[in-house]
Amino acid sequence: CTAGGFPSGHSTTAFEAGLTLATLLPELGPEILTRASEQANDRMVLGVHSPLDIMSGRMSGHIALAAVWSDADFVQSTVAPAMAELRAYLEKECGDTIAACYAAGSAYSDDPYGGAVMPGGSAQIVTDRMSALAVYAERMTYAFPTSGPTGLAPEVPAGAENLLLTTFPTLTDAQRVSVIAQTEIASGAPLDLSGTGVAAWQRLDLAAAMSATVQLNADGSASVVSTGGAATVLPAPTPVTPANVPAPELAATGFADATSWLMVGCGWVLAGALVLLAARRRGRSSEKTPR
């Protein structure tokens, strides 16, 4: 190898660092990832890399961090203590939880290229989380025409779901896979290996996945309701079954009492009718008997 341009080493490093911070601070994940994509994009602005070099660097960064978060021993011995130390420091400095400090702060905004239109189609200006997601998605493909099969089903590489361990700690592995599948981009972009049997890392849009509102369903599946907000998990609705439907005790008691009184009343009416009928019969018999 003489050129060393593919994949971009600087882009790989940028995404390794960005993904590390994003997973340690998932509340800020989408903005951190967008800033990492800007650092990678700057390599093209400087004229030392092509868009495909940068795209492959992003994929390399994803692969490296997925391997880290898939190593349970390393996570326990190294990543988890680092995460605890970082978060404790930031919370001490801001005087509150990270989520509260984030909510109280101003939105991340950025105009890195002075309004000039960049490869991909826009000036890549960020004013809030939604625009950050749009810029991140733009840098995933740089508006290249499709070069592979389109319309393929989502494909999630093994281990990619572990990149959402801190964003959605209460979800199962299968549910995190589903979140990635529902937020990834369509097939067919350059470097997308969907349908080939090789891990399709190109399509993962982790900025969107880290900002998803996830609805849990009664069957245990997970549906992404929206993206662009705070990562949220909505509980599954409680199924309506006889076991959890409260019995209408008052109504039942009233009905039972009314039924009892109705039966007693009917009994008295019937008894009275029988007495009257017997009396009438005795009266008729006495009229026919000669005096």
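Everything discussed here concerns the structure shown above.
Engineer: Residues and numbers for the overall build of the protein chain, please.
Structural biologist: When its secondary structure is counted, the protein chain shows 9 helices and 3 strands. Its helices and strands taken in sequence order, the protein chain reads α-α-α-α-α-α-α-α-β-β-β-α from the N to the C terminus. The contacts in the protein chain between residues at least 6 apart in sequence include a share of 63% that link residues at least 24 apart. Working note: accessible area of the protein chain is about 15900 Å², and carbon and sulfur atoms make up 64% of it.

Engineer: Describe unusual backbone geometry, naming the residues involved and giving the relevant values.
Structural biologist: For residues that are not glycine, phi is negative in most cases, and the peptide bond is trans in most cases. Residue Pro7 follows Phe6 across a cis peptide bond; omega there is -5°. The residue Pro7 is located in the segment before helix H1 (9–24) in this model. Phi is positive for Ala143, which is not a glycine, with a value near 60°. With respect to the helices and strands, the residue Ala143 is situated in the loop between helix H6 (129–141) and helix H7 (173–183). Unlike most non-glycine residues, Leu191 shows phi in positive territory, near 75°. Note on placement: Leu191 falls in the loop between H7 and helix H8 (206–209).

Engineer: Residues and numbers for the packing of H1 against helix H3 (residues 51–69), please.
Structural biologist: One way to put it is that H1 packs onto H3 with a least axis distance of 7 Å and a crossing angle of 45°. If you check the angle between H1 and H3, you find them oblique. In this structure, the crossing between H1 and H3 has a hand that is right-handed. In this structure, H1 uses Ser11, Thr12, Phe15, Glu16, Leu19, Thr20, Thr23 and Leu24 to contact H3, whose residues at the interface are Ile54, Gly57, Arg58, Ser60, Gly61, His62, Ala64, Leu65 and Trp69. Split by residue class, the contact of H1 with H3 holds 7 nonpolar, 8 polar and 2 charged.

Engineer: Any chance you could break down H1 for me, citing the residues and the numbers?
Structural biologist: In this model H1 runs 23 Å from its N-terminal to its C-terminal C-alpha over 16 residues, within 8% of the 22 Å that 1.5 Å per residue would give. Where H1 is concerned, the buried positions are Ser11, Thr12, Ala14, Phe15, Gly18, Leu19, Ala22, Thr23 and Leu24. Buried residues in H1 make contact with helix H2 (29–45), H3, helix H4 (72–94), H6 and H8.

Engineer: How would you summarise the state of the cysteines if you had to cite specific residues and measurements?
Structural biologist: Applying the stated criterion across every chain, the model contains 1 disulfide. Between the sulfur atoms of Cys94 and its disulfide mate Cys101 the distance is 2.1 Å. Between Cys94 and Cys101, the S-S torsion sits near 85°, and that sign places the bridge as right-handed. Of the residues examined, Cys94 reaches a relative accessible area of 37% and is grouped as partly exposed.

Engineer: An account of the nonpolar core is needed here, citing residue identities and associated values.
Structural biologist: Core analysis: the largest hydrophobic core is formed by 44 residues, its most contacted members being Leu33, Trp69, Leu164, Phe168, Val179, Leu206 and Val214. Top contributing element to this core by residue count: H3, with 6 residues. Residues in contact with Val179, not counting those within four places in the same chain, are Leu164, Phe168, Leu171, Ala209, Ala212, Val214 and Val224.

Engineer: I'd like a description of the packing of H3 against H6, backed by residues and values.
Structural biologist: Where H3 meets H6, the closest approach of the two axes is 8 Å, and the angle between their N-to-C directions is 110°. Comparing their axes, H6 and H3 come out roughly perpendicular. Facing H3, whose interface residues are Met55, Arg58 and His62, H6 presents Tyr136, Arg139, Met140 and Thr141. Taken together, the residues of the contact of H3 with H6 sort by class into 3 nonpolar, 2 polar and 2 charged.

Engineer: Report on the sheet that holds strand S1 (residues 213–216), specifying residues and quantitative values.
Structural biologist: On the basis of which strands lie adjacent, the open sheet formed by 3 strands has the order S2-S1-S3 and mixed pairing. At either end of the open sheet lies a strand with only one pairing partner, and these are strand S2 (222–226) and strand S3 (232–234). Each strand of the sheet is rotated relative to its neighbour by a mean of 30°, with strand direction disregarded. Where S1 and S2 come together, 4 bridges link them in antiparallel fashion. Across the sheet, the residue bridging to Leu216 is Ala222, located in S2. Along the sheet, H7 makes contact with S1 and S2, crossing S2 at roughly 40°.

The rules behind each value
The written sequence of each chain sets the order in which its residues are numbered from 1. The predicted nature of this model means local features are confined to residues of pLDDT at least 70 and side-chain atom pairs, given and counted, to a pLDDT of 80 or more, with totals for whole chains, interfaces and linings taken over all residues. As a rule here, side-chain values cover all heavy atoms of the structure and leave hydrogens and water aside. Strands are runs of DSSP state E lasting at least two residues, helices are runs of H or I lasting at least four, and both sets are numbered from the N terminus onward. We call two residues contacting when some pair of their heavy atoms lies within 4.5 Å. The accessible surface values rely on the Shrake-Rupley method and a 1.4 Å probe; as for residues, cover is taken only from the protein chains in view. Think of each axis as a best-fit line through the C-alpha atoms, taken over the contacting stretch in the case of a helix, with angles from 0 to 180 degrees between the N-to-C directions. Roughly parallel means an angle under 35 degrees; roughly antiparallel, over 145; roughly perpendicular, 65 to 115; everything else is oblique. For any pair of crossing helices, the crossing counts as left-handed if the nearer helix is rotated counterclockwise from the farther one by less than a right angle, and right-handed if it is rotated clockwise. The residue classification treats Ala, Val, Leu, Ile, Met, Phe, Trp, Tyr, Cys and Pro as nonpolar and Asp, Glu, Lys and Arg as charged. All others, Gly included, are polar. Here, expected helix span is obtained from the residue count minus one, scaled by 1.5 Å. Summary of the burial criterion: residues with accessible area below 20% of their type's maximum are buried, those above 50% are exposed, and those between are partly exposed, where the area comes from a 1.4 Å probe applied to protein chains only. In this description, a disulfide is simply a cysteine sulfur pair whose atoms lie within 2.5 Å. In this description, a nonpolar core means a group of buried Ala, Val, Leu, Ile, Met, Phe, Trp, Tyr and Cys residues linked to one another through side-chain atoms lying within 4.5 Å. The criterion for strand pairing is that DSSP finds at least two bridges linking the strands in question.

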